[in-house]
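Chain and residue survey
Residues per chain, in single letters:
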Amino acid sequence: MKSSALPHGEHYFEDVLRDWRAGHYRFAQGRSASGRLHLIIGVSPEQWRQLRALAKKYNVALILSGSRVVGPRTRQVTFHPAIASAMPLEVNRRLPSLTYPAINNVRITKETIKELGFDNPLTSDINIEVLDPKRPPHEHRAIATAIAHEIKNLDFSFPVRVNYEMDGIRYVNEKNVLEQGVGFLKRNLPQGNAGSDRELEAAFQELYIPINLRRSLFSRHDFYNGVLLAALDSVSFGLTLGFHPIIPITGLIFGLIGRYLARLRSSIAFHWGDTVISNFLAILTDAAIGISLMTVIVNPIAGYGITLQSLAATSLRHTLARGTLRLFVDKIASVRPARIQALGVSLTITLNFFLGILTGYVYAGRPTAYALQTILAVMGTMIIFGPPLRKAITPRV
């Protein structure tokens, strides 16, 4: 079985990422509060599930931070200008937690992941804040302590430091975490370069991964994308096959969940290391969703009278032309913050509008549209399958 523990020594993030892509490690993945996808270095998928189970067992939220969670500081500073200006690359202490004492007068650089042994103070750790909005302070502390002791039994190769307060301020909800985070950034930013609290909150949300924290499923950007897709689909179908109210309804729904569909497609593509097979399965999933939508909902309700054979063949070319482009954008945007994911959905909706008109004309029997769609399908196939195919046939050095 692939290991989730790094070999003894110091490791640059880029080297760890390369070895993970090559299949040498099994790491859990989680999304920061900003929506960015991260590898959680040194944590197996099983241990990740156990942490999530602990949060549900005690009915609390957990906030995870540290170099193993979002990458070392040299990576963190690339997320936001405020982080680049405020986060030092070297510290001289580790703060105390419920089960570990403070460590002072040590030089800890933040440029690598350090796997130097459980008892070595330089070993990269994970910090967990326990959020509890319902219980009084003494019960909150007792639960955080119980979680800390249970985590000690999960066989991590490094310390996991658990706390329920900082500087006398109890972690009741995410607002407390953000207030402390914004305060930290403000204290460390150069004078006159503080920025607004909202901007600093967005910066700090890049630095932690929440577990069991209730959040809104949809943002205003998702609603914008729903309205955009509903409008553009109505225009494209109106120009080619004729308008029907089911078109804006399905467009609104699929635009609203666009980020989640993009995550699904990209996660399938990345699952086995971005291979030819995994990309094919992602495209196949996209095709299945599109064909099902047209076959089960749009075509019978709107009464377009498209035969199943025509629908399947056209949807396949449509997926290879539009779906490959969409997957290309998905793979870039899905690992970035939620606002970038939503922007990626907006981009594909807009580009796909023109390809949707093309598909509509194919359904309407236009030979020129058929030829152009075929050419675009070939181009899209080369864009998606070219890189993993080259990687597969290139000899390893």
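Please refer to the structure higher up on the page.
First, a word on what this report is: a plain description of the structure on this page. Every value quoted in this text rests on a predicted model; they were computed, and no experiment measured them.

Each value, and the rule that gives it
- Residues numbered from 1 in each chain as written.
- Predicted model: local features only at pLDDT ≥ 70, side-chain atom pairs only at ≥ 80, totals over all residues.
- Heavy atoms only, no water.
- Helix = DSSP H or I, 4+ residues; strand = E, 2+ residues; numbered from the N terminus.
- Contact = heavy atoms within 4.5 Å.
- Pairing = 2+ DSSP bridges.
- Axes fitted to C-alpha atoms, helices over the stretch in contact; angles between N-to-C directions.
- Phe/Tyr/Trp six-rings, centres within 6.5 Å; stacked < 30°, edge-to-face > 60°.
- Buried < 20%, exposed > 50% of the residue type's maximum accessible area, 1.4 Å probe, protein only.
- Lys NZ or Arg CZ within 6 Å of the ring centre and 35° of its normal.

**Brief notes about the environment of isoleucine 211**
- Assignment of secondary structure puts isoleucine 211 in strand β12 (residues 208-211).
- Through-space distance from the C-alpha of isoleucine 211 to that of valine 130 is 9.8 Å; in sequence the pair is 81 residues apart.
- Setting aside residues no more than four positions away along its own chain, isoleucine 211 makes contact with Trp48, Leu51, Arg52, Ala55, Val60, Ala61, Leu62 and Leu64.

**Regarding the sheet that holds strand β4 (residues 61-65)**
- Ordered by their spatial adjacency, four strands build an open sheet running β9-β8-β4-β12, and the pairing between neighbours is mixed. The open sheet has two edge strands, β9 (160-163) and β12, and neither has a second partner. Ignoring which end each strand starts from, the neighbouring axes of this sheet average 25° apart.
- Where helix α2 (residues 45-58) meets the sheet, it contacts β4, β8 (126-131) and β12, and its direction lies at approximately 60° from that of β12.

**Considerations on the packing of aromatic side chains**
- As enumerated under the stated definition, the model contains eight aromatic pairs in all.
- Judged by centre distance (5.4 Å) and plane angle (45°), the ring pair of phenylalanine 156 and phenylalanine 158 falls under tilted. For the residue pair phenylalanine 156 and phenylalanine 158, the accessibility class agrees, reading buried in each case.
- Members of the aromatic cluster, each reached through a chain of ring pairs, are Phe218, Phe223 and Tyr260.
- Positioned over the ring face of phenylalanine 158 is arginine 68, at 3.9 Å from the centre of the ring.
- One cation-aromatic arrangement involves arginine 259 over tyrosine 260; the distance from NZ or CZ to the ring centre is 5.1 Å.

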